Amino acid sequence: MGFIADSQKGVGLWGGCVRSLVRRKQVDSAHVKVKGHHQLAKELSVPHLIVIGIGSTIGAGVYILVGTVAREHSGPALAISFLIAGVAAALSAFCYAELASRCPSAGSAYHYSYICIGEGVAWLIGWALVLEYTIGGSAVARGISPNLAFFFGGPNSLPGFLARQHIPGLDIVVDPVASILVFIVTGLLCVGIKESTLVQGFVTTVNVCVLLFVIIAGSYLGFKTGWAGYGLPSGYFAFGVDGMLAGSATLFFACIGFDSIASTAEEVKNPQRDLPLGIGFTLATCCTLYMLVSVVILGLVPYYAMNPDTPISSVFAEHGVHWAAYIITSGAVMALCSALMGSLLPQPRILMAMARDGLLPSFFSDVNKNTQVPVKSTLATGIGAATLAFFMDVDQLAGMVSVGTLLAFTMVAISVLILRYVPPDEVPFPSSLQDTIDSVALQYDLNGQDINCETSEIDAGTSSTLPMLHKNNAAVDYPEIVQQEAQGNFLKEENRRKIAGWTIAFTCTGAFLLTYAATDLNLPRPVRFTMCGVGGALLLFGLIVLTLVEQDDARHSFGHSGGFICPFVPLLPIFCILINTYLLINLGAATWARVSVWLLIGVFVYALYGRTHSSLLDAVYVPVAHADRIHRSSVDILA
C-alpha cells in the first residue's frame, strides 16, 4: 500500500540473494534502540579514548621498526618516512572520525559499511576484522615471552613451566606465557570497560615514559657526541626518495590503532565530541613520539650499523649506557601488553554487533547486566586467541592482519563518499509494524504528499521523499503547477544520485586498475600502460565529476549531527581509497591466498546462517521523510 517497499518478496531466489547483499540497516538514533539486549556502559571520555588509541598503536614495533626500516629503506630520513605514514593514516582517521560521530554504535567499519554500502560487504568486513584481531592479538602475545626472558638472563631463561617448549612429534613450539597473558587480559576486559581502560592507562603511561626517556637521554648523548649518524657521505636520503616512500609504506601500520577507538563508540559519553578528539590526539601523539625517537636514534649511530632486532637498546649500549637496556625492554613489554589489550578489545564488540543484526547467533550479543560488557563474546575471543598463541607461531600469518585493516579503511572511505552524495533514502522497519505503516500511508496521497496539507513532505533539495510518479491522481489541495514542479525537482535529484553513484563506482574501479598495473611488473608493458591510463582517467573523471556535482542535502540529517565533518571531500576519501588499494595489492599472493580461504569460509557461513537470520530478512522500507511519523505512530499505539 502506498509507498511501502518490501525488499524480499516476489523477486525469486537469485533476486532475493542479490537483494540480501545490498540491504542496508538504519542508523541508530533516539527511535532505534537495541531490542532484547542490554546496552553497553557509557563510561568513556576523551582521556580514556586516548589511552585506548595510544595503547593500540604504539606496540613493540617502534622498538624494532626503527632499525629495520632505517637499514633497508629510509636511512637517516626515517623521521620523514614516519611523517608521511602519519599523514596517510590521518586520511583514514578523518573518515573514521566523521562516521564514528555520526553512527556511534559498536561495530566500527562493519557498522558503517552495513549502513552505507550493504549487508554483503559489511559481513565480509566484519569477518575479516575477526581474523585481524585474533591473529593480531596472538602475534602480540607471542612477542612478550622473549622480552620477559631478558629479565631472567637471556632468551631461554624463563622458568621451565613458562618457557617455550618444542614438541617434536607435532613440530610445534608452544608458548605458555602468551596463552596465560591472553587469559589475564580477557578476564580484565570482562570486569568492565572503565576498569580495563584504567589498567591500560597505567601500562600505556609506562610505555610513553620509556619513549620520553629514549628521546631525552638520546638527545643528551647526541649533543655530547656530535650526532655522528647524520654526518655520512651518503647524505640524508641514503636510499633516495623512493627508499623513503617505501619505508613509509612499511611504517603505515605502526600509525594505525584509532580503529580501536571507533569500536568503543557505543561506550563513549559524548561520542560526537569525544570520538574525533580521541582519534586526533591519538594519531598526533603517536606520530610525534615516533618521529622524535627516530631523529634521536638515527643521529647516534650510522643507519647501516644499527641492530635490526634491538636497535634502541643497542644504540645506548654502544655509548656505554648498558643499564638503559632494562628500561627499554620494560617499555617493550608494556607496549606489547597494551597492544594485546587493544587487539582483544574491539573483536567482542564486532561479534556483538553482528549478532545483534542476526548475522551471528544471539549468544554473541549478550551483554552482562552487572559489568555491561559483552562477556560471552569476550570469552570466545580470549579462548580463540589464547589457543592460537599457545600452539602456533603466527609470524607467517602477520600479513593477514593487514588485509582486514586495509579493507576496513577502504570501505570507510567509500562510505564517506556514499554518505555525502547518495545517502540511504529508505529506512527499514520490522514487518511487525506493517499495520502502523499502512495507517500512516493513508495520510499521504499517491504522490507522497500529506492529504491534510499541514506541511509539504516534498523537499526539492533532498532525495529522502519518494513520490510514486507512476500514479496520475494528485492531491486536490495542490495546484497542478506545483505538482509538476515538485516532480521535476524529484527527477532532477534522482538523476544527480544516479550520476554520483556510478561515479563513485568508476572511481573505485580506476583506483584498482591504476594500483594493480603500477604494482604488477609481470604484466606486458602495453597492458600495463593501458591499465594505468584507463585507471588514471577514471580516477580523474571521478574526482572532477564529484567535485562538480552537488552533495546531497540529506547528509546534514544523516545519523547524529553535531560531530566531526571530514574535510576536502571528495579529494581526501579518493586519495585514501587509492593509498589503501595500493597497500592491499602489495601484500603479496601468499597472504591473499590465506585470506581468501578465510573469506570463503565466511561466505559459506553467511549463506547458511547469516542471510536467513538477518534482522532485515522481512523488513519493509519506507522513505526517510516518513520515518519519524511512523515512529511516533508506533509509540502512540504501544502507549
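Below or above, wherever it landed, is the structure these notes cover. Values in this document were obtained by computation on a predicted structure and should not be read as measured data.

Procedures and definitions
- Residue indices begin from 1 for each chain and proceed along its sequence in written order.
- Since the coordinates come from a predicted model, pLDDT governs what is reported: local features require at least 70, and pairs of side-chain atoms require 80 or more to be given and counted, while whole-chain, interface and lining totals use all residues.
- The side-chain values count all of the structure's non-hydrogen atoms but skip hydrogen atoms and water molecules.
- Comment: elements are numbered from the N terminus, with helices defined as DSSP H or I runs of at least four residues and strands as E runs of at least two.
- Each residue's exposure class comes from its accessible area (1.4 Å probe, protein chains only) as a fraction of the maximum for that residue type: buried when under 20%, exposed when over 50%, partly exposed otherwise.
- Residues count as neighbours in contact if any of their non-hydrogen atoms are within 4.5 Å of one another.
- In this description, accessible areas are obtained by the Shrake-Rupley approach with a 1.4 Å probe, and a residue is regarded as covered only by the protein chains that are shown.
- By the criterion applied in these results, polar contacts are pairs of N or O atoms within 3.5 Å in which, for protein atoms, one can donate a hydrogen and the other can accept it, and in which residues neighboring in sequence qualify only through two side-chain atoms.
- Note on geometry: axes are C-alpha line fits, over the in-contact stretch for helices, and angles between N-to-C directions span 0 to 180 degrees.
- Here is the rule for angles: anything less than 35 degrees is roughly parallel, anything more than 145 is roughly antiparallel, 65 through 115 is roughly perpendicular, and the remaining ranges are oblique.
- Should the near helix be turned anticlockwise from the far one by less than a right angle, the crossing is termed left-handed; should it be turned clockwise, right-handed.
- In this count, Pro and Cys sit with the nonpolar residues alongside Ala, Val, Leu, Ile, Met, Phe, Trp and Tyr, while Asp, Glu, Lys and Arg are called charged and the others, Gly among them, polar.
- Stacked, edge-to-face and tilted labels apply to pairs of Phe, Tyr and Trp rings (six-membered ring for Trp) whose centres lie within 6.5 Å, assigned for plane angles under 30 degrees, over 60, and everything in between, in that order.

1. Regarding the overall build of the chain
Turning to step 1, where the next piece is worked out: Helix and strand content of the chain: 23 helices and five strands.
Turning to step 2, where the next piece is worked out: Evaluated residue by residue, the chain yields a buried proportion of 55% over its 639 residues.
Turning to step 3, where the next piece is worked out: For the chain, the share of sequence-separated contacts (at least 6 apart) that also reach a separation of at least 24 residues comes to 84%.
Turning to step 4, where the next piece is worked out: As displayed, the chain has an accessible area near 26,800 Å², and 66% of this comes from carbon and sulfur atoms.

2. A look at the side chain of Gln200
Turning to step 1, where the next piece is worked out: Among the structural elements, Gln200 can be located in helix H9 (residues 193-225).
Turning to step 2, where the next piece is worked out: The exposure class of Gln200 is buried, given its relative accessible area of 2%.
Turning to step 3, where the next piece is worked out: A distance of 3.2 Å separates a polar atom in the side chain of Gln200 from the backbone oxygen of Ser338.
Turning to step 4, where the next piece is worked out: In contact with Gln200, other than residues within four places in its own chain, are Val51, Ile52, Gly55, Ser56, Ser338, Met341 and Gly342.

3. Focus on unusual backbone geometry
Turning to step 1, where the next piece is worked out: Note the cis peptide between Val569 and Pro570, where omega equals 15°.
Turning to step 2, where the next piece is worked out: Within the secondary structure, Pro570 is located in the loop between helix H20 (525-548) and helix H21 (571-585).
Turning to step 3, where the next piece is worked out: Positive phi, close to 50°, is recorded for Trp227, a residue that is not glycine.
Turning to step 4, where the next piece is worked out: Residue position: Trp227 is located in the loop between H9 and helix H10 (240-251).
Turning to step 5, where the next piece is worked out: For Gln372, which is not a glycine, the phi torsion comes out positive at approximately 55°.
Turning to step 6, where the next piece is worked out: Within the secondary structure layout, Gln372 lies in the loop between helix H15 (346-356) and helix H16 (375-391).

4. Some words on the side chain of Arg349
Turning to step 1, where the next piece is worked out: Here Arg349 is to be found in helix H15.
Turning to step 2, where the next piece is worked out: In terms of polar contacts, Arg349 uses its side chain to reach the side chain of Glu267, at 2.8 Å.
Turning to step 3, where the next piece is worked out: A distance of 3.0 Å separates a polar side-chain atom of Arg349 from the backbone oxygen of Leu345.
Turning to step 4, where the next piece is worked out: Filtering out sequence-adjacent residues up to four positions away, Arg349 remains in contact with Leu40, Ala106, Gly107, Ile193, Ser263, Glu267, Val373 and Pro374.

5. Observations regarding the packing of helix H6 (residues 119-142) against H16
Turning to step 1, where the next piece is worked out: H16 packs onto H6 with a crossing angle of 50° between their chain directions and a minimal axis gap of 8 Å. Classed by the angle they form, the pair H6 and H16 counts as oblique. The two elements H6 and H16 cross, and the hand of that crossing is right-handed. Within the contact between the two elements, H6 uses Thr134, Ile135, Ser138, Ala141 and Arg142 and H16 uses Gly384, Ala385, Leu388, Ala389, Phe390 and Phe391.
Turning to step 2, where the next piece is worked out: Of the residues assigned to the contact of H6 with H16, the class counts are seven nonpolar, three polar and one charged.

6. Observations concerning the packing of aromatic side chains
Turning to step 1, where the next piece is worked out: Tallying each qualifying case throughout the model produces 27 aromatic pairs.
Turning to step 2, where the next piece is worked out: Centroid distance Tyr96 to Tyr112: 6.2 Å. Interplanar angle 75°. Geometry classified as edge-to-face. One end of the pair, Tyr96, is in helix H4 (residues 78-102); the other, Tyr112, is in helix H5 (residues 109-116), and 16 residues separate them in sequence. The same class applies to Tyr96 as to Tyr112, namely buried.
Turning to step 3, where the next piece is worked out: The interplanar angle of 75° and the centroid separation of 5.4 Å between the aromatic rings of Tyr96 and Phe409 together place this pair among those described as edge-to-face. Of the two residues, Tyr96 is situated in helix H4 and Phe409 in helix H17 (residues 398-421); the sequence distance between them amounts to 313 residues.
Turning to step 4, where the next piece is worked out: Judged by relative accessible area, Tyr96 falls into the buried class, the value being 1%.
Turning to step 5, where the next piece is worked out: These aromatic residues form a ring-pair network of at least three members: Tyr96, Tyr112, Phe252, Phe253, Phe258 and Phe409.

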